[in-house]
Amino acid sequence: MAMWISQRLFCLFFLHAILIVSTQSSASTSQKNINLIRQKCRRTNDFNLCVASLESDPQSLKTDVKGLARISLQQVLVKANQTLLIVGKLFNQTHDRIEYEFLGTCIEEYNKAVSIELPGAIIALDSKDYGESKQGAANVTDDANLCEQQWASGSPVTNQNHAVRDLSMVAFGIISILG
Ligand SMILES: *[C@@H]1O[C@H](CO)[C@@H](O)[C@H](O)[C@H]1NC(C)=O
Ligand SMILES: *[C@@H]1O[C@H](CO)[C@@H](O)[C@H](O)[C@H]1NC(C)=O
Ligand SMILES: *[C@@H]1O[C@H](CO)[C@@H](O)[C@H](O)[C@H]1NC(C)=O
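Residues numbered from 1 in each chain as written. Chains lettered and ligands numbered in written order. Predicted model: local features only at pLDDT ≥ 70, side-chain atom pairs only at ≥ 80, totals over all residues.

Engineer: Report on helix α2 (residues 47-55), specifying residues and quantitative values.
Structural biologist: Along α2, the positions that sit buried rather than exposed are C50, S53 and L54. In a view along the axis of α2, the buried residues occupy a sector of 95°, so they form one face of it. Facing away from the buried surface of α2 by more than 90 degrees, the exposed residues are N48 and A52. (Buried ≥ 20, exposed ≤ 12 C-beta atoms within 10 Å, placed from the backbone. Helix = DSSP H or I, 4+ residues; strand = E, 2+ residues; numbered from the N terminus. Arc of directions from axis to C-beta.)

Next comes the structure, spelled out in structure tokens:
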């Protein structure tokens, strides 16, 4: 009887120990990844934006540097795509000839970013062609600047252009860590 009880107790103790170890290990995995994010973001030009954007995606908590670069490029893609839609709407609504021309240029730039450069940068990243991937991100920074700088005193989409510029520079910084 005593033997049986002590076996049971031992089993309970053992289960408990396993539970404790497994919760601790998943907590320390995400802590490790928060540390990874911070450590890598320090090597980009915008630590706060880098941390905030990566930590907004739960996938960042369970991936490596390449995974972080991929998430970052996806975030640029989403933002560039949103900007393209907004620019397209403004383009369709404007009655001003100059505005029409400038917005048309923005559409060309963002079309290129969304359909060629960013998908290309993601494919290049996956195949470890970090130079090509970085170049794609850098080109998107240029696209956003080119759209914005047509207007001498601010475009109708300044916030979006700046968001794409800043996120693409973060992506560039993370890819640069890889090579
Ligand atoms: C881009 O926006 C369109 C809608 O405007 C949407 O259908 C598409 O899924 C978006 N693509 C990405 C990669 O966000
Ligand atoms: C702008 O107008 C064209 C032609 O009517 C249409 O195909 C396109 O979807 C419109 N773009 C946006 C972003 O609303
Ligand atoms: C980046 O832009 C340059 C100059 O326009 C072009 O030659 C190059 O092919 C582009 N590369 C990528 C990866 O988008």
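Structure shown, so let's carry the discussion forward.
Engineer: Tell me about the site of ligand 1, residues and numbers included.
Structural biologist: Around ligand 1, the neighbouring residues are L77, V78, N81 and L85. Tallied by class, the residues present in the shell around ligand 1 amount to three nonpolar, one polar and no charged. (Near = placed C-beta within 6 Å. Nonpolar A, V, L, I, M, F, W, Y, C, P; charged D, E, K, R; others polar.)

Engineer: I'd like a description of the site of ligand 3, backed by residues and values.
Structural biologist: Every residue near ligand 3 is listed here: E117, G120, E132, Q135, G136 and N139. Elements supplying a minimum of two residues to the shell around ligand 3: α4 (97-126) and α5 (130-149). With four residues, the single largest contributor to the shell around ligand 3 is α5. Looking at the shell around ligand 3 residue by residue, the classes come out as no nonpolar, four polar and two charged.

Engineer: How would you sum up the nonpolar core? Please name residues and give values.
Structural biologist: One finds L73, V76, A80, L118, A137, V140 and A171 to be the most contacted residues of the largest nonpolar core, which totals 36 residues. The set of elements that each furnish at least two residues to this core consists of α1 (2-41), α2, α3 (65-93), α4, α5 and α6 (158-178). Per-element accounting of this core gives the leading share, 10 residues, to α4. Not counting residues within four places of it along the chain, the set of residues in contact with A171 comprises A69, S72, L73, V76 and A137. (Core = buried A, V, L, I, M, F, W, Y, C linked by C-beta atoms within 7 Å. Contact = placed C-beta atoms within 7 Å.)

Engineer: Outline the packing of α4 against α5, supporting the account with residue identities and numerical values.
Structural biologist: Across the interface, α4 lies against α5 with an axial gap of 8 Å and an inter-helix angle of 165°. Between α4 and α5, the angle is such that the two are roughly antiparallel. Considering the relative orientation of α4 and α5, their crossing is left-handed. Facing T105, C106, E109, Y110, K112, A113, E117, L118, G120, A121, A124 and L125 of α4, the residues of α5 in contact are E132, S133, G136, A137, N139, V140, D143, L146 and C147. (Axes fitted to C-alpha atoms, helices over the stretch in contact; angles between N-to-C directions. Parallel < 35°, antiparallel > 145°, perpendicular 65-115°, else oblique. Left-handed = near helix turned anticlockwise from the far one by under 90°.)

Engineer: Break down unusual backbone geometry for me, citing the residues and quoting the values.
Structural biologist: A positive phi angle, close to 60°, is found at K128, a residue other than glycine. On the secondary structure map, K128 appears in the loop between α4 and α5. The class for K128 is exposed, based on 11 C-beta atoms found within 10 Å.

Engineer: Describe the packing of α2 against α6, listing the residues and the values that go with them.
Structural biologist: Each pair of packed helices can be described by the angle between their axes along with the distance between the axes. The contact between α2 and α6 brings their axes to 10 Å, and the two run at 85°. When the interaxial angle is binned, α2 and α6 end up roughly perpendicular. In this structure, α2 uses L49, C50 and S53 to contact α6, whose residues at the interface are D166, L167 and V170. Considered class by class, the residues forming the contact of α2 with α6 number four nonpolar, one polar and one charged.

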